[in-house]
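# Summary of structural features
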Amino acid sequence: MDQPIDGGATAVARAHSNIALVKYWGKRDATLNTPAVGSISVTLDALYTDTRVTFVPGLAADEFWLAGCRGPVTRISHVLDLVRGHAAGLGLPAAGHSAIVSSTNNFPTGAGLASSASGFAALAVAAAGAAGLSLPARELSILARHGSGSAARSIFGGFAEMHAGTAADGSDAYAEELLDREEWPLTVVVAITEHGEKSINSTIGMNESKATSPFYPAWLDSADDDLDEMRAAIRDRDFARLGELSEYNCLKLHALMLTTRPALIYWNAATVAAMHAVRALRAQGLPAYFTIDAGPQVKVLCLPGDAAAVQQALALVPGVHEARISALGPAAYRLE
Ligand code: 2P0
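Cut-offs and rules
- Residues numbered from 1 in each chain as written.
- Predicted model: local features only at pLDDT ≥ 70, side-chain atom pairs only at ≥ 80, totals over all residues.
- Heavy atoms only, no water.
- Phe/Tyr/Trp six-rings, centres within 6.5 Å; stacked < 30°, edge-to-face > 60°.
- Helix = DSSP H or I, 4+ residues; strand = E, 2+ residues; numbered from the N terminus.
- Buried < 20%, exposed > 50% of the residue type's maximum accessible area, 1.4 Å probe, protein only.
- Lys NZ or Arg CZ within 6 Å of the ring centre and 35° of its normal.
- Near = heavy atom within 4 Å.
- Polar contact = N/O pair within 3.5 Å; in protein donor to acceptor, adjacent residues only side chain to side chain.
- Areas by Shrake-Rupley, 256 points an atom, 1.4 Å probe, with all protein chains shown as cover.
- Domains from an automatic or database assignment.
- Contact = heavy atoms within 4.5 Å.
- Buried area = accessible area lost by both parts, 1.4 Å probe.
- Salt bridge = Lys/Arg side-chain N within 4 Å of Asp/Glu carboxyl O.
- Axes fitted to C-alpha atoms, helices over the stretch in contact; angles between N-to-C directions.
- Left-handed = near helix turned anticlockwise from the far one by under 90°.
- Expected span 1.5 Å × (residues − 1).
- Arc of directions from axis to C-beta.

Before going further, it helps to spend a moment on the packing of aromatic side chains. Within the structure shown, the criterion is met by three aromatic pairs. Seen from their ring centres, Phe239 and Tyr289 are 5.5 Å apart, and the 75° between their planes marks the pair as edge-to-face. Of the two residues, Phe239 is situated in helix 6 (residues 239–258) and Tyr289 in strand 11 (residues 288–291); the sequence distance between them amounts to 50 residues. Just as Phe239 is buried, Tyr289 falls in that class too. Lying across the ring of Tyr48, Arg14 places its NZ or CZ 4.0 Å from the centre.

What follows deals with the site of the ligand. Taken together, 18 residues surround the ligand, and among them Lys27, Ser148, Gly149, Ser150 and Thr203 come closest. At 2.5 Å, a side-chain N or O of Lys27 approaches an oxygen atom of the ligand. Asn33 is positioned such that a nitrogen or oxygen atom in its side chain is 3.2 Å from an oxygen atom of the ligand. Here the ligand, which alone exposes 470 Å², has 94% of that area covered by the protein.

Splitting the protein by domain gives domain 1 (9–180) and domain 2 (187–327). A straight line from the C-alpha centre of domain 1 to that of domain 2 covers 24 Å. Between domain 1 and domain 2, the residue contacts involve 34 residues of the former and 48 residues of the latter. Here domain 1 and domain 2 share an interface that buries about 3,200 Å² over both sides, 67% of which is from carbon and sulfur atoms. Interface area lost by domain 1 to domain 2 is led by Leu21, Lys23 and Trp25, which between them contribute 27%. Across the domain 1-domain 2 interface, the total number found is two salt bridges. Lys23 serves as the salt-bridge partner of Asp293, at 2.5 Å between the closest nitrogen and oxygen.

A word on the packing of helix 1 (residues 74–89) against helix 3 (residues 137–147). Between helix 1 and helix 3, whose axes approach to 8 Å, the crossing angle comes to 145°. Judged by the twist between their axes, the crossing of helix 1 over helix 3 is right-handed. Packed against helix 1, whose contacting residues are Arg75, His78, Val79, Leu82, Val83 and His86, the element helix 3 presents Glu139, Leu143, His146 and Gly147 at the interface.

Helix length check: helix 7 (residues 269–283), at 15 residues, gives a terminal C-alpha distance of 21 Å against a target of 21 Å (1.5 Å per residue), a fit within 8%. Among the residues of helix 7, those classed as buried are Ala270, Thr271, Ala274, Met275, Ala277, Val278 and Leu281. For helix 7, the buried positions fall inside an angular range of 160° around the axis, keeping them on one side. Opposite the buried face of helix 7, by more than 90 degrees, sit the exposed residues Ala269, His276 and Ala283. Buried positions along helix 7 lie against helix 6, strand 11, strand 12 (298–302) and helix 8 (307–315). A distance of 2.9 Å separates the backbone nitrogen of Ala270 from a side-chain oxygen at the start of helix 7, and that oxygen is part of Asn268. Gly285 lies just past helix 7 and shows a positive phi near 100°.

Next comes the structure, spelled out in structure tokens:
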């Protein structure tokens, strides 16, 4: 990380990426960035973002640096504006200052590995800290949601549920922890099939699905059933039920994407080959289940004792560059 800038109020935070088992796609309110459906995810230990925020007196405008390169600042300034609003209410000096935000990811950015989830969760924690605010996790989750819907879940470790909410001001659209990672230590093996950035970002993609896919109403209607069943699978520690439902919900999301106009095809040949490899493992008696987000990477859920076998099988799939094993991760936290 860069050195702190003298005279500014600084905080550094780390937040881990997450993978949804029951997925978010579609917005209830685009301005508040509230989701149309709830979601349930696991936080990943192996993938994280570190973010430093410094409020600098006299700085003309917010700046965002990702791995040392200047990045787009609009969404970041939106989250910083909310932090400045909280700070103004308490008479804190950050209320009147622009900020320098610098981030690094330990994984490929914008390629379906949820860098916006870890990124905006780390931003929420670091910006609140740098401003001198002490916000409860629920408020941090709402703050992160304004940056990116999936980021609301990355405030928490282990298993987290995001509530779609119904309130007009978005105050009940937050995530909370369902289970600590120690309570059910599952493993996720991440097969990386492409390092480049994805072609259509999630925000645009989900708005197009809502506007054009005939499957969108069915996606909304069936979400609560999946959430209920996933909560029960987690409560009962029923891995087969969790895995089967994760695959089903993932394929339902991709059916929605494929029937969007123009079609959202996030898979490549290696993505499909990896899905078949997971099903072949299962046919041999090894319980492993895939899930895929808005990108070509395949995340495979398995029990910790099977992780090495799953990694080996995925590494043999043509087009898989790397298969990375991850335990479940912790909640977002300050690094100092
Ligand atoms: C999820 N995804 O639940 C789903 C599964 C991708 C596929 O949340 O517009 O980047 O910033 O709120 O959070 C990706 O959407 O979208 C996402 P915005 P975000 O993880």
